[in-house]
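Chain and residue survey
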Amino acid sequence: MPQGARGGKSFGKALTERLEVPGAPGIEVLVRRSARARRLSLRVGRADGRVTLSLPARMPLARARDFVAEQAGWIARQVAAAPAPRVARVGAILPLLGADVPVVEGPGRSARWTGEAIAVPDDARAGPRIKALLQTMARTHLIPAVDRYAEAIDRVPSKVTLRDTRSRWGSCSSRGDLMFSWRLIMAPPDVLAYVAAHEVAHLVHMDHSARFWAQVAALMPDYAPRRDWLRSHGAALHAIDFAAS
């Protein structure tokens, strides 16, 4: 990875300029000036391939153009590696519990899991309805996993919440509050269980020391392939769009 360039999620603040990437038609870099930036910082969204560049407030835009040209090859490779976006709607194929399942038109006002397909009304709110279903299913699967691993180490988390985070699949606060991404319900069940075990282990060790990983291994001896699955496939789960159409 080139100096000054990082993979990561893209900025959410106002973007002020757009630059083309030399030799990479169709790829744009969104530039924003930042009073806090001390150097050029290039990021490519892991889930959507969007490229952003943070530019120090007093640095000439020409320097940004030169930097983008210097990193053109790296940018193109990172964008090419980003998963293709998918929209949650009737007719789509979505991952659920590690399997690809169809989204079909169904009756009623909400989405439901039939055991073979996600059934949802075919309208502009299909995406949010599917999201609500997955959030409910995520809690149904995560809470028992957390309880099982917490009981094994004789700890009780303060609370468990679900969010749509892009930088992490779970977290544990100093108060013992556990947070998980509801998108874990789209991963294989043993991957979801690994993240539950990982965060529960933080109730004992609030770091990633050797002792922490030994605790994870005590809870789930074969955790490594599950961790590797998330590293390889996690971005594709983040690339699924559940917004209303």
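To start, this report covers the structure provided alongside it. Predicted model only: the values in this text are computed from it and were never measured. (Residues numbered from 1 in each chain as written. Predicted model: local features only at pLDDT ≥ 70, side-chain atom pairs only at ≥ 80, totals over all residues. Heavy atoms only, no water.)

1. Structural notes on the sheet that holds strand β12 (residues 170-172)
Short version of the rule: For two strands to count as paired, DSSP must find a minimum of two bridges between them. Only runs of H or I of at least four residues qualify as helices and only runs of E of at least two qualify as strands under DSSP, and these elements are numbered from the N terminus. Fitted lines through C-alpha atoms give the axes, limited to the stretch in contact for helices. The angle between two N-to-C directions lies from 0 to 180 degrees. Contacts are residue-level and defined by heavy atoms, with any inter-residue pair within 4.5 Å sufficient.
Spatial ordering of the open sheet is given by β11-β13-β12, a layout of three strands whose pairing is mixed. Single-partner strands in this sheet number two, and they are β11 (159-163) and β12. Strand-to-strand twist of the sheet, defined as the mean angle between neighbouring strand axes without regard to direction, takes the value 15°. Two strands pair when backbone bridges link them, and β12 and strand β13 (residues 177-181) are joined in this way by three bridges, in the antiparallel orientation. The residue bridging C172 from the neighbouring strand is L178, located in β13. Packing of helix α3 (residues 126-152) onto the sheet brings it into contact with β11 and β13, and relative to β11 it is tilted by some 145°. Where helix α4 (residues 189-201) meets the sheet, it contacts β12 and β13, and its direction lies at approximately 155° from that of β13.

2. Some details on α4
Applied cut-off: Expected span, for any helix, means 1.5 Å times one less than how many residues it has. For every residue, the accessible area obtained with a 1.4 Å probe (protein chains only) is divided by the maximum for its type, and the residue is called buried under 20%, exposed over 50%, and partly exposed between those limits.
End to end, α4 covers 18 Å across 13 residues, agreeing with the expected 18 Å (1.5 Å per residue, within 8%). By the criterion of burial, α4 is predominantly enclosed, with 11 of the 13 residues buried. For α4, the set of buried residues is V191, L192, A193, Y194, V195, A196, A197, H198, E199, V200 and A201.

3. Side note on the sheet that holds strand β9 (residues 112-113)
In space, the four strands of this open sheet follow the order β7-β8-β10-β9, with mixed pairing throughout. A single partner strand is all that each edge strand has here, and the edge strands are β7 (93-96) and β9. Most of the contacts of α3 go to strand β10 (residues 118-120), to which it runs at about 135°, and overall it touches β7, β8 (99-105), β9 and β10.

4. Section: the nonpolar core
The condition is simple: As used here, the term nonpolar core means buried Ala, Val, Leu, Ile, Met, Phe, Trp, Tyr and Cys residues forming a set that is joined through side-chain atoms within 4.5 Å.
Formed by 50 residues in total, the largest nonpolar core has its most connected members in I130, Y149 and V200. Mapped onto this core, the elements with two or more residues apiece are β7, β8, β10, α3, β13, α4, α5 (210-219) and α6 (223-238). Ranked by residue count, the leading element in this core is α3, at 11 residues. In this structure, Y149 is in contact with A193, A196, A197, V200, L219 and M220, ignoring residues within four places of it in sequence. The next biggest cluster of nonpolar side chains, apart from the first, holds 19 residues, and it includes L61, A64, V68 and I75.

5. Some points on the pattern of salt bridges
Going by this rule: Counted as salt bridges are all cases of a side-chain nitrogen of Lys or Arg within 4 Å of a carboxyl oxygen of Asp or Glu.
Overall, the coordinates contain eight salt bridges when judged by the stated rule. With a shortest N-O distance of 3.7 Å, R63 and E70 are connected by a salt bridge. Judged by its relative accessible area of 31%, R63 falls in the partly exposed class. Ionic contacts of the salt-bridge type, sharing partners, join the residues D190, D222 and R226 into one network.

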